[in-house]
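# What the coordinates show
Here is what each chain is made of, one letter per residue.
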Amino acid sequence: MMGKEKIFSLLTPVIKKSPADQTEAVVINSQAGLTRYANSTIHQNVYEVNSKVYFRVALGKKLGVAATNVLNKESLKKTLENALSIARNQRETPDFTGLPGQASYKKLKTHYKKTANFSPQQRAEAVKGVFELAGKHKLTVAGAFSTGESEVAVLNSNRVACYQPLSSAYINITAMSDNSSGYADGLSRSVDELEIERLAEIAIQKCLDSRNPQGFQPGEYTVILEPKAVAELLEWMNYIGLGAKSLQDGTSFLAGKIGQRIMGENVSIYDDGNDEYSMAFPFDFEGVPKKKIFMVRNGEAKGVVYDSLTATKDKTKSTGHALTPDTPERALALNLFVKAGDSNLKKMIESTGQGILVTRFHYINGLIDTNNAVLTGMTRDGTFYIEKGRIKHGIKNLRFTESMLKAFSNVEQLSRQRRMVASWWSDVGCITVPAMKINNFRFTGKTEF
Amino acid sequence: MKENIKETIAWLRKKGVDYADIRQVKRISENIRVKNREMEGVSKSEDLGFGIRVLYRGAWGFASSNNPSKGEYKRMAGLALDIARASGLTQREPVRLAENEVYKDKFISLCQIDPFKVSLDEKLNLLISACDLMLKNPGIRVADTSLNFFRSEQIFANTEGSLIEQIITESGGGAVATAARNGETQWRSYPNSHSGDYATRGYEFIQEMRLLDQMERISREAVALLSAPECPNQETTIIVSGNQMALQVHESCGHPIELDRVLGTEISLAGGSFMTLDKLGKLQYGSPQVNIYADATTPGGLGSFGYDDEGVKAQRTDIIKQGRFVGYLTSRETATLFKQPSNGTMRADGWNRIPLIRMTNINLEPGEVSLEELIADTRQGLFLDTNKSWSIDDKRLNFQFAVEAAWEIRDGKLGQMYKNPIYTGITPEFWNTCDAVCNKNHWHVWGVPNCGKGEPMQTMHVGHGVAPARFSKVKVGGAK
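Residues numbered from 1 in each chain as written. Chains lettered and ligands numbered in written order. Predicted model: local features only at pLDDT ≥ 70, side-chain atom pairs only at ≥ 80, totals over all residues. Heavy atoms only, no water.

## Overview of the overall build of chain B
The secondary structure content of chain B amounts to nine helices and 23 strands. In terms of overall dimensions, chain B is globule-like: its C-alpha atoms have a radius of gyration of 23 Å, near the 23 Å expected for 480 residues. For chain B, with 480 residues in total, the buried portion stands at 66%. A separation threshold of at least 6 residues defines the contact pool for chain B, and within that pool the share at least 24 residues apart is 75%. For chain B, the exposed surface amounts to about 16800 Å²; the carbon and sulfur share of it is 49%. Each charge sign in chain B was given a centre, from 58 positive and 59 negative side chains, and these centres are 3 Å apart. (Helix = DSSP H or I, 4+ residues; strand = E, 2+ residues; numbered from the N terminus. Rg over C-alpha atoms; globule rule 2.2 N^0.38 Å. Buried < 20%, exposed > 50% of the residue type's maximum accessible area, 1.4 Å probe, protein only. Contact = heavy atoms within 4.5 Å. Areas by Shrake-Rupley, 256 points an atom, 1.4 Å probe, with all protein chains shown as cover. Lys, Arg positive; Asp, Glu negative; His and termini not counted. Charge placed at Lys NZ, Arg CZ, Asp CG, Glu CD.)

## Structural notes on the overall build of chain A
For chain A, the count of helices and strands is 10 helices and 17 strands. Dimensions of chain A along its principal axes, counting C-alpha atoms only, are 70 × 55 × 35 Å. Intrachain contacts of chain A at a sequence separation of at least 6 include 72% that bridge at least 24 residues. Taken as a whole, chain A presents about 16000 Å² of accessible surface, with 47% of it coming from carbon and sulfur. Side chains of chain A carry 58 positive and 46 negative charges; the gap between the two charge centres is 2 Å.

## Quick look at the packing of helix H4 (residues 120-135) of chain A against helix H2 (residues 70-87) of chain B
One can describe the packing of H4 of chain A onto H2 of chain B by two numbers: an axis separation of 9 Å at closest approach and a directional angle of 15 degrees. Put simply, H4 of chain A runs roughly parallel to H2 of chain B. By crossing handedness, the relation of H4 of chain A to H2 of chain B is classed as right-handed. Every residue of H2 of chain B that contacts H4 of chain A at Pro120, Gln121 and Ala124 of chain A is listed here: Asp82, Ile83 and Ala86 of chain B. For the contact of H4 of chain A with H2 of chain B, the class distribution of residues is four nonpolar, one polar and one charged. (Axes fitted to C-alpha atoms, helices over the stretch in contact; angles between N-to-C directions. Parallel < 35°, antiparallel > 145°, perpendicular 65-115°, else oblique. Left-handed = near helix turned anticlockwise from the far one by under 90°. Nonpolar A, V, L, I, M, F, W, Y, C, P; charged D, E, K, R; others polar.)

## Section: the pattern of salt bridges
Residues and elements named next belong to chain B. Applying the stated criterion across every chain yields a total of 57 salt bridges over all chains. Residue Lys419 is joined to Glu184 by a salt bridge in which the shortest nitrogen-to-oxygen separation is 2.8 Å. Of this pair, Lys419 sits in the loop between strand S18 (413-418) and strand S19 (421-426) while Glu184 is found in strand S7 (residues 184-190), placing the two residues 235 residues apart along the sequence. On the accessibility criterion, Lys419 (9% relative accessible area) is buried. (Salt bridge = Lys/Arg side-chain N within 4 Å of Asp/Glu carboxyl O.)

## Quick look at the confidence of the model for chain B
Looking at chain B as a whole, the pLDDT averages 97, with 99% of positions reaching at least 70. Here the predicted complex scores 0.97 on pTM and 0.97 on ipTM. (pLDDT = per-residue confidence, 0-100.)

## Focus: empty space enclosed by the protein
Applying the stated criterion across every chain, the model contains three cavities of 30 Å³ or more. In this structure, the second largest cavity encloses a volume near 70 Å³. Together, Arg36, Gln44 and Val46 of chain A together with Asn352, Arg353, Ile354, Leu356, Gly454, Glu455, Pro456 and Gln458 of chain B line the second largest cavity. The residue makeup of the lining of the second largest cavity, split by class, is four nonpolar, four polar and three charged. (1 Å grid on protein atoms, 1.4 Å probe; cavity = no way out; pocket = protein on both sides within 12 Å on 5 of 7 lines; lining within 4 Å. Points joined across faces, edges and corners; volume = space filled by probe spheres on them.)

## Structural notes on the sheet that holds strand S12 (residues 324-325) of chain B
Residues and elements named next belong to chain B. Here we have four strands laid out as an open sheet, ordered S12-S11-S10-S15, and antiparallel in their pairing. Two strands in the sheet have a free side with no partner beyond their single neighbour: S12 and strand S15 (362-364). Relative to strand S11 (residues 316-321), strand S10 (residues 292-295) runs antiparallel, the two sharing four bridges. The residue of S11 that forms the bridge with Ile292 is Ile320. Packing of helix H6 (residues 242-254) onto the sheet brings it into contact with S10, S11 and S15, and relative to S15 it is tilted by some 120 degrees. (Pairing = 2+ DSSP bridges.)

## Side note on the interface of chain A and chain B
Contacts between the two partners involve 82 residues from chain A, matched on the other side by 83 residues from chain B. Buried area between chain A and chain B, both sides added, is near 6700 Å², and the carbon and sulfur share of it is 48%. Considering only the surface of chain A that becomes buried against chain B, Tyr47, Arg91 and Tyr363 of chain A emerge as the three largest contributors, covering 10% of it. The partner of Glu455 of chain B in a salt bridge is Arg36 of chain A, and the shortest N-O contact between them spans 3.4 Å. On the surface where chain A and chain B come into contact, there are 52 residue pairs in polar contact (both at pLDDT 80 or more). Per-element tally for the side of chain A that touches chain B: the top contributor is strand S2 (residues 41-59) of chain A, with 12 residues. Of the residues in the side of chain A that touches chain B, the class split is 27 nonpolar, 34 polar and 21 charged. The pairing of strand S3 (residues 62-68) of chain A with strand S2 (residues 38-56) of chain B spans four bridges and is classified as parallel. Paired with Ala66 of chain A across the bridge in S2 of chain B is Lys44 of chain B. (Buried area = accessible area lost by both parts, 1.4 Å probe. Polar contact = N/O pair within 3.5 Å; in protein donor to acceptor, adjacent residues only side chain to side chain.)

## Some words on H4 of chain A
The end-to-end C-alpha distance of H4 of chain A is 22 Å, a good match for the 22 Å that 16 residues give at a rise of 1.5 Å each. Within H4 of chain A, the full set of buried residues consists of Pro120, Arg123, Ala124, Val127, Val130, Phe131, Leu133 and Ala134 of chain A. Among the structural elements, strand S1 (22-38), S2, strand S4 (140-156), strand S5 (161-176) and helix H5 (196-209) of chain A together with H2 of chain B are those in contact with the buried residues of H4 of chain A. (Expected span 1.5 Å × (residues − 1).)

## Here we look at unusual backbone geometry
Backbone torsion omega between Tyr190 of chain B and Pro191 of chain B reads -5 degrees, so that peptide bond is classified as cis. You can see Pro191 of chain B is positioned in the loop between S7 and strand S8 (197-199). Omega for the bond connecting Glu455 of chain B with Pro456 of chain B falls within 30 degrees of zero, at -5 degrees, which places this linkage in the cis form. The topology assignment puts Pro456 of chain B in the loop between strand S21 (444-453) and strand S22 (458-466). Of note, the phi angle at Asp381 of chain A is positive, near 60 degrees, even though the residue is not glycine. Examined against the element boundaries, Asp381 of chain A turns out to sit in strand S13 (residues 374-387). The backbone of Thr386 of chain B shows a phi angle near 70 degrees, a positive value even though the residue is not glycine. For Thr386 of chain B, the location among the structural elements is in strand S16 (residues 380-392).

## A short note on the nonpolar core
Note on soluble globular proteins: their nonpolar side chains tend to be buried together. Of all hydrophobic cores here, the largest spans 144 residues; its most connected members are Ile269 and Phe408 of chain A together with Tyr423 of chain B. Top element by residues in this core is helix H6 (residues 227-242) of chain A. It accounts for nine residues. In this structure, Ile32, Leu127, Ala177 and Ile218 of chain B belong to the second largest nonpolar core, which totals 32 residues. (Core = buried A, V, L, I, M, F, W, Y, C linked by side-chain atoms within 4.5 Å.)

## Concerning the pairing of strand S6 (residues 163-181) of chain B
All names here are of chain B. Bridge count for strand S4 (residues 104-108) against S6 is five bridges, and the pairing is parallel. For Lys106, the partnering residue across the bridge sits in S6 and is Glu165. With 17 bridges joining them, strand S5 (residues 140-158) and S6 adopt antiparallel strand pairing. When the sheet's bridge partners are listed, Ser152 is paired in S6 with Ile168. Between the antiparallel neighbours S5 and S6 lie four residues, among them Gly161 with a positive phi of about 110 degrees. Bridge count for S6 against S8 is three bridges, and the pairing is antiparallel. Looking at S8, one finds that Gly173 is bridged to Asp197. Here S6 runs beside S7; their pairing, made up of seven bridges, is antiparallel. The partner of Ala180 across the bridge, within S7, is Thr185. Taken together, S6 and the strand that follows it, S7, pair antiparallel across an intervening segment of two residues, in which Asn182 is found at a positive phi of about 50 degrees.

Structure follows, in structure tokens:
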């Protein structure tokens, strides 16, 4: 990693000398290793060191963006010129009222040296332990274990100068038998907090418990979703409805419903980049400090997250949720939370006469009917039938097709304990959610395993 | 830079590796998006780096860097070797590679008009004009247009002596008209949804798209969908449009024939495959009308190249022949299972990713009938057009697709339009009901630029040469 001083001393003169009216630089440096395993052997083992610098320039209201991963003075100069050339040949962006100004952001501990320097040998030793645990039950395991560090800096000609070092550790474990599988994963800024052995035991137990799964007819059932499954729903809901763009386009499930009750009173969905029980990250890619924003509060639609451009369109202020300058979605909620309840998984199962426990989903898609947040997807790696308060047996995987507005209106219980679940943006955020018990959840199809 | 590569290969040979290869890749891209005549984003990007893959005592290691200096080449080579040693800690069976010829060659993809030399003004004018045409319809709330261009310049070298250079240019784009009323939105896309159509061609591909000719139609259809009835639940005959067939082939055939999935090495993320080894040569995957092949030499296909990222020459392989499952997509490692050479489908998403078995162009052979004849030959059914959503289980059996629009077919004619159509099925059951594929006049190679696989995630650009096709007894319904 370059460190704050080196980045600032490299980029500050470039910004100062830029002929643009306003200039912004976003720097992302990273180095990470990932050990991938399947059939209880390591089959892919990779390391990457990379950088990215984005320049966004403004000539009046004409904007240009250019990026490079080559961090020398010549390349930076060429990239800035590319951004300027685009801006000169551009049309105006009416919503551009200037780059954000300087603001203070929360100091957070987001970097752990041990995690940053965790070696391929250490990762191999850790997964070898997982293989041995699974082997005792004549199971095999598959998954990935990654560790690494990154740093993000945002500088602009309005004196914004933000810097944050980050580390992350993530493992996913799928235990496999001839006809069943079980899954667990863990995510943290610190590799010491992963509890790999405990996660392996969860995956193994789920695999053993779901052996010889039985066929099950689709229909409406009470469903208990473990946090991983809840997070997968939230990930798609974020994409189709929690950013300002989707609200402005009218495609969001919040469009036309702000102030209305759209979910159960026990459901609150919010974003908080400063909460350290997530992959906290205190500012966005425009250097705006992150605000805690409720999208849904006690079932009522409250709003969406903004960057500076989308905020101008809605005559409001940025909430600190800008994505990198080349991203068309502009703003998304990267540190999503669902408010905890007072239940737990055991109570949820014990209070269920007939229902289904879902460990995780596969291949969810939310583009069917975005205004009603209709999602579809398959269950996988541990789907169980519950009868009279007990898990009876594993069942073959099912397809759900359901409106999340309906599902989240039928939430009977939420767990007190929440879990951080990784997403594709996990260096700078994650999804922290409880388990949920939902009534009348619609399964629409089945498969053969 | 070639000197760094040659010196590093020589150093790795001295270290006694079983095999090693190096890919140095420079990728440039230009992305332009105009929405409601406003500049949604115009950006250019440059990405340069190298990756070293080492097989040492039967175990893999890979290290990559964005700094192609002599010192960094040496550091990454050492690191790749260390990582391979770490992989060896759990190795049970050493990895072996199928034989491959040594090539010294250069491949340049088709490109008549260099898209990076076409002025930004011309590109913006095209997209603004497309927005204007869509916004002429007062029912359109969002007119969204985009153009995207990519060029990768790659040098590949391995310890067996291959040295291959490739320059591949890709162009693509499209438009979406979104109509909104009373809290409901409906959209129509051209030429395809999810950012349009793509090819390994130059700006001539964009010109041939004739974007402006279709804006009035998609706007009219998007608005009409708002008033259309919900697609009724039924089991019926369907004719699937070409652009939706591309995704149907992609999800239900392209992925399950990836041999790494079959062998369980993608199980934790993308999943496995129902097309297991015991089914090769035996499974009646589809009806005799179904002939599917992988072809990395399809002219202009988004999955076309000269050599794959293990240095195997681009080729054509039969996958489904008269409905029978006859072949997988393989790598040099997995092909040893059949004591055959690789069929050249190892592809990496840039210098910082290892190659994985990926689709090239997975093509459905055209049949004999025209689309008009096929519709005329259908007494009752639905014509389903343009993908909206896609989902399939982790062994690629239970699929569900939503499409943008459906039209009733009654007594050989298109009639009522329906909104929110969804169809679902089990892969081999579905393909065995296929009784006709349209002829070569309707056959087009659709570019799919967003195929995800692997950890860390890799996004691959693949192609599907397909024509509309007819299937029977398919479960269809509405989203509600």
